[in-house]
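Commentary on secondary and tertiary structure
So you can see what is in the structure, the chains are spelled out below.
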Amino acid sequence: MNTDNGGRRLQTTTTSLEVIEKLRELDGARVTELAEVLDLSPSTVHAHLSTLVGADYVVKSGDIYHLSLQFLGLADYVRNRRNAYRTAESYTDQLAQKTECRAVFAVEENGRGVYMYTYSGKHAVWKYSTVGKRFYLHQTAAGKAILSRLPEERVVAIIEEWGLPASTENTVTDRSDLLEELEVVKDRGVSFNNEEQLEGVKAVGVPVDGSDGRVAGAFSVASPANRMTEDRFEEEIPKILLGVANEFELENSMS
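Residues numbered from 1 in each chain as written. Predicted model: local features only at pLDDT ≥ 70, side-chain atom pairs only at ≥ 80, totals over all residues. Heavy atoms only, no water.

The chain appears in an unreviewed UniProt entry as IclR family transcriptional regulator from Halogeometricum salsisoli.

Points about unusual backbone geometry
Applicable threshold: Think of it this way: any DSSP run of H or I at least four residues long counts as a helix, any run of E at least two long counts as a strand, and we number them from the N terminus.
Unusually for a residue other than glycine, Asp-27 sits at a positive phi of about 55 degrees. One non-glycine residue, Glu-100, lies in positive phi territory at about 60 degrees. Position of Glu-100 among the secondary structure elements: in the loop between helix 5 (85–99) and strand 3 (102–109).

Overview of the packing of aromatic side chains
Just so we agree on the cut-off: Pairing of aromatic side chains requires ring centres within 6.5 Å, counting the rings of Phe and Tyr and the six-membered ring of Trp. Pairs whose planes differ by under 30 degrees are stacked, by over 60 edge-to-face, and all others tilted.
For the structure shown, the criterion picks out seven aromatic pairs. When the centroid spacing of 5.8 Å and the interplanar angle of 90 degrees are considered together, the rings of Tyr-91 and Phe-248 count as edge-to-face. Here Phe-248 lies in helix 9 (residues 230–254) and Tyr-91 lies in helix 5, a separation of 157 residues in the sequence. Feature note: the residues Tyr-91, Phe-105, Phe-219 and Phe-248 constitute an aromatic cluster, connected by ring pairs.

Quick notes on helix 7 (residues 152–162)
Applied cut-off: Here's how the labels work: a residue is buried when its accessible area is under 20% of the maximum for its type, exposed when over 50%, partly exposed in between, all with a 1.4 Å probe on protein chains only. To obtain the arc, one takes the directions from the helix axis to the C-beta atoms. In what follows, a contact means two residues having at least one pair of non-hydrogen atoms within 4.5 Å.
All of the buried residues along helix 7 are Val-155, Val-156, Ile-158 and Ile-159. One face of helix 7 carries all of its buried residues, which in axial projection span an arc of 160 degrees. For helix 7, exposure combined with an orientation more than 90 degrees from the buried face picks out Glu-153 and Glu-160. Tucked inside the fold, the buried residues of helix 7 contact helix 6 (141–148) and helix 8 (175–188). Just past helix 7, the residue Gly-163 takes up positive phi, approximately 75 degrees.

Examining the pairing of strand 4 (residues 112–120)
What counts here: DSSP-based pairing: two strands are paired if at least 2 bridges between them are found.
Taken across its nine residues, strand 4 has seven buried, putting it largely inside the fold. Taking the residues that link successive antiparallel strands as the turn, the strand 3-strand 4 hairpin has two residues, and the phi of Asn-110 there is positive, at about 55 degrees. Inspection of the sheet shows strand 4 paired to strand 5 (residues 134–135) by two bridges, in the antiparallel sense. Bridging across to strand 5, Gly-113 finds its partner in Phe-135.

Details of the pairing of strand 8 (residues 215–224)
The element strand 8 is largely enclosed, with a buried count of nine among its ten residues. Here strand 3 pairs with strand 8 via five bridges, running antiparallel. Along strand 8, the bridge assignment pairs Phe-105 with Phe-219. Where strand 7 (residues 201–209) folds back onto strand 8 in an antiparallel hairpin, the turn is made up of five residues, including Gly-213, whose phi is positive at roughly 85 degrees.

Observations concerning the sheet that holds strand 6 (residues 191–194)
Applied cut-off: Here an axis means a line fitted to C-alpha atoms, over the contact stretch when the element is a helix, while the angle between two N-to-C directions is reported on a 0 to 180 degree scale.
Reading across from one edge, 5-4-3-8-7-6 is the order of the six strands in this open sheet, with antiparallel pairing throughout. The open sheet has two free edges, formed respectively by strand 5 and strand 6, since each of these has just one partner strand. Sheet analysis places strand 3 next to strand 4, joined by eight bridges and oriented antiparallel. Bridge pairing links Ala-106 to Tyr-115 in strand 4. Running at roughly 145 degrees to strand 6, helix 6 makes contact with strand 3, strand 5, strand 6, strand 7 and strand 8 of the sheet.

Comments concerning the nonpolar core
The line we're drawing: What we call a nonpolar core is a set of buried Ala, Val, Leu, Ile, Met, Phe, Trp, Tyr and Cys residues that are connected through their side-chain atoms within 4.5 Å.
Counting 25 residues, the largest nonpolar core has Leu-95, Phe-105, Val-204, Phe-219, Val-221 and Leu-241 as its most contacted members. When contributions to this core are tallied by element, the ones reaching two or more residues are helix 5, strand 3, strand 4, strand 7, strand 8 and helix 9. Take this core: its biggest share by element is seven residues, from helix 9. In this structure Leu-95 touches Glu-100, Ala-103, Phe-219, Val-221, Ile-240, Leu-241 and Val-244, once residues within four positions along its chain are discounted.

Dropping the structure here:
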């Protein structure tokens, strides 16, 4: 959970948010389960759950609590608040259909990446990039594409806040190496994830600007590494991505 160290925080609110996140993570839970994983007393957890039930953010089935559909409306509002998302869906679908891979549209928020929309092509088998999932920008093609369009001081600030943790042996974990790679991405307009987030999965990404000229997010296409030949990885997929990104930016500039 991201924290704002410059402002006053209410512990009760923080605890309620932790309860919500654990309910999502556990796909529903009993009071005793939540108390154990959050290291809180059952009475404290029950009080927070009762408040959330009363506000319609949590529902109870027997003795198990789940997040309610109240979050559905909030999620829809949050996604559509970003103007780029309104047109990103159709272009993500196009990418999936043209490449027969899994395509995503992702954005940056508070120094992390967030998958806003995903669509699977005919041969897509990878389900890791679920909507709403947050990820480290330096580990993914979409994330590196976004970083390439940010000022270097912003990139450095993100690295200092979140670090450069490794998910595989291919993940870039050195600041100088990452900054050097981002310069190449900036020149070429295309980024690569060579099994850096998940072993056995390769991806290609491109950044896209919004109508205000600032980076709005990135499209990327992912595929099992054994289906991504060198020519397809370095030439065919980037060409498709760049073409779709140009169309997306043109539509946004006219809206």
